[in-house]
Amino acid sequence: MTTSGSRPTADPTGKSRDALPEVDAVAARFAGDVVDVRELGRGNINRTYLVATTGAPFVLQRLNQGVFADPLAVVRNFALVTACLAEKADHAGGRFRVPTLRKTEAGHDCWTDAGGGVWRAQTYIDGRAVSRLARPDQAAAIGRCLGWFHRRTADMRSEGLEVALPGFHVLPGYLAEYDRVAAGRAVCGTALERQCMAEVEIMRPQAALFQEACADGRISARIVHGDPKIENFLFDGNGEVVSLIDLDTVGPGLLHHDIGDCLRSCCNRGGEGGDAAAVRFDLHTCRAWFAGYSAEMGGLLSRHDRELACPAIILITFELGLRFFTDHLRGDTYFRVRRRGENLERARNQFALMHSIVEQQKIIRQVFLKDD
Ligand code: GN1
Ligand code: MG
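Residues numbered from 1 in each chain as written. Chains lettered and ligands numbered in written order. Predicted model: local features only at pLDDT ≥ 70, side-chain atom pairs only at ≥ 80, totals over all residues. Heavy atoms only, no water.

**Details of the site of ligand 1**
Next up, step 1: Taken together, 16 residues sit near ligand 1, with D227, K229, E272, R323 and Y334 positioned nearest.
Next up, step 2: Between ligand 1 and D227 there is a distance of 2.7 Å, counted from an oxygen atom to a side-chain nitrogen or oxygen.
Next up, step 3: The side chain of Y334 places a nitrogen or oxygen atom 2.5 Å from an oxygen atom of ligand 1.
Next up, step 4: With the chains in place, 96% of the 450 Å² that ligand 1 exposes on its own is no longer accessible.
Next up, step 5: In terms of residue class, the shell around ligand 1 is built from 7 nonpolar, 3 polar and 6 charged.
Next up, step 6: In this structure, the shell around ligand 1 is formed jointly by two domains, domain 1 (21-123) and domain 2 (136-369), each of which donates at least three residues. (Near = heavy atom within 4 Å. Polar contact = N/O pair within 3.5 Å; in protein donor to acceptor, adjacent residues only side chain to side chain. Areas by Shrake-Rupley, 256 points an atom, 1.4 Å probe, with all protein chains shown as cover. Nonpolar A, V, L, I, M, F, W, Y, C, P; charged D, E, K, R; others polar. Domains from an automatic or database assignment.)

Okay, here's the thing in structure tokens:
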């Protein structure tokens, strides 16, 4: 067995290496014929590895217990939703591929190391992840795939699915956490920190919009992916989407959070970590995305659903800016960073994107309501 490059260790920070198992030893729990282990992807939460074997390769992850307090709930949700989707994908002629759980050699759904870390494996789906779109037809393909996911999971209701991440996408909760963290800090901060503090106040009055829409019955919870950002859609060589991956946050939630999150990610010309000057919400991409999404899901969206689509894009963009900024203020304990200041820059970019969406909101609203 060999590992690529430097020998992978399980701890993203490189601290406490002695207390953590080597990744190739963990991989061996899931397959007896491991030939190579290398790090895969650039997720902000879990560390992910691609394991080559003499047979099919697979994906191995140590679930981040700083984020997922109940990692076994993540594993159970994954098993439930992929079983449902795989069954339906077969019936629908297999348009999209769905990862499935790979059990340990001993037949368990996951493996817990001596330090209590929970590891799970899933089938590897061959495809290319991108972080920026080159053409609007790629957005249409992503829209179709998310629409497919929403339509296929709609009749699953929330049976058996657990809330793996309490408070996820509850904006008033993120604001309360921000207030708590900011209260413990000196008032001044850097110019960029002060700018971000001002951005938080701009959207604060609207933060409870989706909680209110649920309370008055305009919208209600369905099954959502939770994290349908651009990098979680895999493309084939023809520009078609072959799969939607990263099902850690699947569960009961609002479609609006998925729609908003997917669009804030796909339509951002500058990308999440790039140059703030390049950040702009692209309308053509948004139109193409919604055409693809509606082709799969259109009939299941109510008038209220479509009316709230544009506010959803604004608020989820604000929410992510707020979450990055709060994490920067608390010392980068949630989102992985390569250097100090990265979460602050990510926050600045989301706030810049928020302004670009707000400036175009009248036209964006029409994208969702044009057939009425
Ligand atoms: C996190 O781990 P990753 O990159 O798939 C985060 C999402 C954010 C995203 C921003 C569980 O997802 O909510 O939108 O970063 N996931 C969690 O890149 O917090
Ligand atoms: Mg994720």
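**A word on the packing of aromatic side chains**
Next up, step 1: Scanning all chains against the criterion turns up 8 aromatic pairs.
Next up, step 2: Geometrically, the ring pair formed by W289 and Y293 is stacked, given 4.8 Å between the ring centres and 10° between the ring planes. Taken together, the positions of W289 and Y293, both in helix α8 (residues 283-297) and 4 residues apart, correspond to about one turn of that helix. Assigned by exposure class, W289 and Y293 land together as buried.
Next up, step 3: Ring plane angle 65° and centroid distance 4.7 Å describe the contact between F290 and F368, whose orientation is recorded as edge-to-face. Of the two residues, F290 is situated in helix α8 and F368 in helix α12 (residues 361-369); the sequence distance between them amounts to 78 residues. Comparing F290 with F368, the two get one shared label, buried. (Phe/Tyr/Trp six-rings, centres within 6.5 Å; stacked < 30°, edge-to-face > 60°. Helix = DSSP H or I, 4+ residues; strand = E, 2+ residues; numbered from the N terminus. Buried < 20%, exposed > 50% of the residue type's maximum accessible area, 1.4 Å probe, protein only.)

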